Amino acid sequence: MRHIAIVGSGPAGYYTAEAALKQWGDEVRVDIFDTLPVPFGLIRTGVAPDHQSIKAVARRYESTALTRNVRFVGNVMLGRDLSVAELQELYDAVILATGAPHDRKLGLPGEELPNVFGSAAFVGWYNGHPQFAGLHPDLSHQTAVVVGNGNVALDVARILAKSEDELADSDIVAHALAGLHDSAVRRIVILGRRGPHQIAMTPKELSELAKLSRAHPVVDAADLPPVEADAGLDTGLRKSLGHLRAFAANEDNRPDDVTVEFDFFAAPRAILGEGKVEAVEVERTRLVDGKAVGTGETYRIPAGMVIACIGYQTSPIPDVPYDEQGGRFANEEGRIAPGLYCVGWARRGPTGTIGTNRPDGFAIIEKVAVDIPGDSGKPGRPGFDALAEQRGLQVVKFTDWQKIDEAEVAAARTGAPREKFVEVEKMIEATGRV
Ligand code: NAP
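**Some remarks on the overall build of the protein**
For the protein, the helix and strand inventory stands at 16 helices and 19 strands. For 434 residues, the compact-globule formula gives about 22 Å, and the C-alpha radius of gyration of the protein, at 23 Å, lands near that figure. The principal-axis extents of the C-alpha atoms in the protein amount to approximately 65 × 50 × 40 Å. Taken over 434 residues, the protein has a buried fraction of 54%. Taking all contacts inside the protein whose residues are at least 6 apart in sequence as the whole, residues at least 24 apart take part in 75%. Counting only carbon and sulfur atoms, one obtains 51% of the accessible surface of the protein, whose full area is about 18,800 Å².

Rendered as structure tokens:
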């Protein structure tokens, strides 16, 4: 028998559990830990609420979760409730699948002003992450600046741009829907420090901007390289450029629309304001060897909110070596130390799609199989249960989550899939175990 602890119940965690089942069948017991009492990590609190088809992948994780060799151990936080060393005493392998839930900083003057957010916080707000549910962004100014040219920037811009009707069948939480209902934001400026050929946005996500009911994308044709230059791009990027070109060519835009404006070759240099955001100072850039270099030309965009969508970092865990530069655990292809591994964003940084985590999960289990060829006699589950009892931990099981799930589905507004609980206490109450 092998006892595996996976820390983090998002895509990387569940794909790794799936791989462990494939590798060892009935000869493995997997415990999947999560700080929250609810599973699925990024699927629940990262994926945009209007991307329900992407969220459907949780059904696959559910089938893994429901096999008797896999257990969900929710509401238990590594570093707070027990240490990595303690987990390692109990399990043959500890695999950190904790994702990258922290915002990278812009490192600009004015970043500490109220109403400047990182995307983890802002996305967490509209997705009902308990840590960010109380964010209260001020949406009373008509211009919002979104920094970054990745898919998260697109998610944030789209959610700000959509009408209440367009969000009706999403699982956006009630407080965010109400906030957006009252929003004065009419202009969303997406700043890209490099150019159209350097975007990290994918075509499907870009195409959604053309279908919004009360908003339209704006691209300045002068920013686009000659069309012949697109030929050298890979297929996805070429398609993305096709969308940007269509946005630039579109002349029948409705004048009353919310605008989603792409400002390329535009690096933010400072966030300006007295006690609140009033403007963003931007420097024009040009590309030198693929890098954005300032031209010295600056301008100001009057704005009341800034959301930096510039990537994420893994949260450090006490006693686990950390790669500050990469914002992830220090590791050699997933190996951190004997018996300690990482997978997914915690291993490689915040790149790739949800599906990228599947081969990652399978690869790490292959390494565990090589490193730990036989039964090491560690206690596994019964050992953890004894420790949890001794510490009085209020562990949430998968069957408890199913009760939370039922209550959320029952509370959904008409047309929506669920109304999420946004407080840990309310989640635990819904399990009926208090
Ligand atoms: P990302 O794809 O890495 O994009 C980050 C963007 O921020 C880049 O355009 C980058 O520009 C820019 N940036 C970084 N530092 C900056 C700075 N200091 N100033 C200005 N701009 C800066 O990250 P992401 O958007 O957070 O997405 C994370 C991952 O999740 C990606 O793999 C993404 O595809 C995935 N995702 C997928 C979906 C979907 O499929 N629907 C939705 C959301 C996220 P440079 O290129 O110049 O560094």
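After presenting the structure, the write-up continues.
**Some thoughts on the packing of helix H1 (residues 11-24) against helix H13 (residues 357-371)**
Packing of H1 against H13 leaves a shortest axis separation of 8 Å and a crossing angle of 50°. In terms of orientation, H1 lies oblique with respect to H13. Seen from above, H1 lies across H13 with right-handed handedness. On H13, the residues that touch Pro11, Ala12, Tyr15, Thr16, Glu18, Ala19, Ala20, Lys22, Gln23 and Trp24 of H1 are Asn357, Arg358, Gly361, Phe362, Ile364, Ile365, Val368 and Ala369. Split into classes, the residues belonging to the contact of H1 with H13 amount to eleven nonpolar, four polar and three charged.

**Side note on the pattern of salt bridges**
Taken as a whole and assessed by the stated rule, the structure comprises 32 salt bridges. With a closest N to O distance of 2.7 Å, Arg245 and Asp230 form a salt bridge. On the criterion of sequence distance, the pair formed by Arg245 in helix H11 (residues 235-249) and Asp230 in the loop between strand S9 (215-219) and H11 is long-range, its members being 15 residues apart. Each member of the salt-bridge network shares a partner with another, and the members are Asp50, Asp155, Arg158, Lys162, Lys204, Glu205 and Glu208.

**Remarks on the site of the ligand**
What surrounds the ligand is a group of 21 residues, the closest being Asn149, Arg193, Arg194, Glu205 and Gly352. Within the backbone of Asn149, an N or O atom sits 2.9 Å from an oxygen atom of the ligand. Burial of the ligand by the protein amounts to 79% of the accessible area it has alone, namely 920 Å². Broken down by element, the shell around the ligand gets its largest block of residues, three residues, from helix H7 (residues 151-161). Of the residues in the shell around the ligand, the class split is nine nonpolar, seven polar and five charged.

**What to know about the packing of H1 against helix H4 (residues 58-65)**
Axis separation between H1 and H4 bottoms out at 10 Å; the angle between their running directions is 45°. If you check the angle between H1 and H4, you find them oblique. Crossing of H1 against H4: the hand is left-handed. From H1, Pro11, Tyr14, Tyr15, Ala17, Glu18 and Leu21 reach across to H4, where they touch Arg60, Tyr61, Thr64 and Ala65. Tallied by class, the residues present in the contact of H1 with H4 amount to seven nonpolar, one polar and two charged.

**Quick word on unusual backbone geometry**
The residue Asn115 is not glycine, and still its phi comes out positive at about 75°. Mapped onto the secondary structure, Asn115 falls in the loop between strand S5 (102-103) and strand S6 (116-118). Exposure remark for Asn115: the relative accessible area of 9% places this residue in the buried category. One non-glycine residue with positive phi stands out, namely Glu333, at about 50°. By secondary structure assignment, the location of Glu333 is in the loop between strand S17 (328-329) and strand S18 (335-337).

**Comments concerning the sheet that holds strand S12 (residues 279-288)**
Strand pairing in a sheet relies on backbone hydrogen bonds, with the paired strands running either antiparallel or parallel. Judged by pairing direction, the sheet is antiparallel, and its three strands sit side by side in the order S11-S12-S13 without closing on themselves. The strands lining the two open edges of the sheet, one partner per strand, are strand S11 (266-272) and strand S13 (291-302). Taken over all neighbouring pairs, the strand axes of this sheet differ in orientation by 25° on average, direction set aside. Across nine bridges, S12 lies against S13 in antiparallel orientation. Bridging across to S13, Leu287 finds its partner in Ala292.

**Things to note about the pairing of strand S3 (residues 70-74)**
Burial of S3 is extensive: four of the five residues sit out of reach of the surface. As paired elements, strand S2 (residues 28-34) and S3 share five bridges and run parallel to each other. Counterpart to Asp34 in the pairing with S3 is Gly74.

**Focus: helix H15 (residues 398-410)**
Quick reminder: α-helices carry 3.6 residues per turn. Residues three or four places apart thus point the same way. Here H15 is 13 residues long and its end C-alpha atoms lie 18 Å apart, about the 18 Å a rise of 1.5 Å per residue gives. Every buried residue of H15 is accounted for by Phe398, Asp400, Trp401, Ile404, Asp405 and Glu408. Around the axis of H15, the buried residues are gathered within 145° of arc, so they sit on the same side. In H15, the exposed residues that point more than 90 degrees away from the buried face are Glu406 and Ala410. Check the buried side of H15 and you find it contacts H1, helix H2 (42-45), H4, S3 and helix H16 (424-430).

Definitions and cut-offs
- Residues numbered from 1 in each chain as written.
- Predicted model: local features only at pLDDT ≥ 70, side-chain atom pairs only at ≥ 80, totals over all residues.
- Heavy atoms only, no water.
- Helix = DSSP H or I, 4+ residues; strand = E, 2+ residues; numbered from the N terminus.
- Rg over C-alpha atoms; globule rule 2.2 N^0.38 Å.
- Buried < 20%, exposed > 50% of the residue type's maximum accessible area, 1.4 Å probe, protein only.
- Contact = heavy atoms within 4.5 Å.
- Areas by Shrake-Rupley, 256 points an atom, 1.4 Å probe, with all protein chains shown as cover.
- Axes fitted to C-alpha atoms, helices over the stretch in contact; angles between N-to-C directions.
- Parallel < 35°, antiparallel > 145°, perpendicular 65-115°, else oblique.
- Left-handed = near helix turned anticlockwise from the far one by under 90°.
- Nonpolar A, V, L, I, M, F, W, Y, C, P; charged D, E, K, R; others polar.
- Salt bridge = Lys/Arg side-chain N within 4 Å of Asp/Glu carboxyl O.
- Near = heavy atom within 4 Å.
- Polar contact = N/O pair within 3.5 Å; in protein donor to acceptor, adjacent residues only side chain to side chain.
- Pairing = 2+ DSSP bridges.
- Expected span 1.5 Å × (residues − 1).
- Arc of directions from axis to C-beta.

Just geometry here; none of it tells us what the structure is for.
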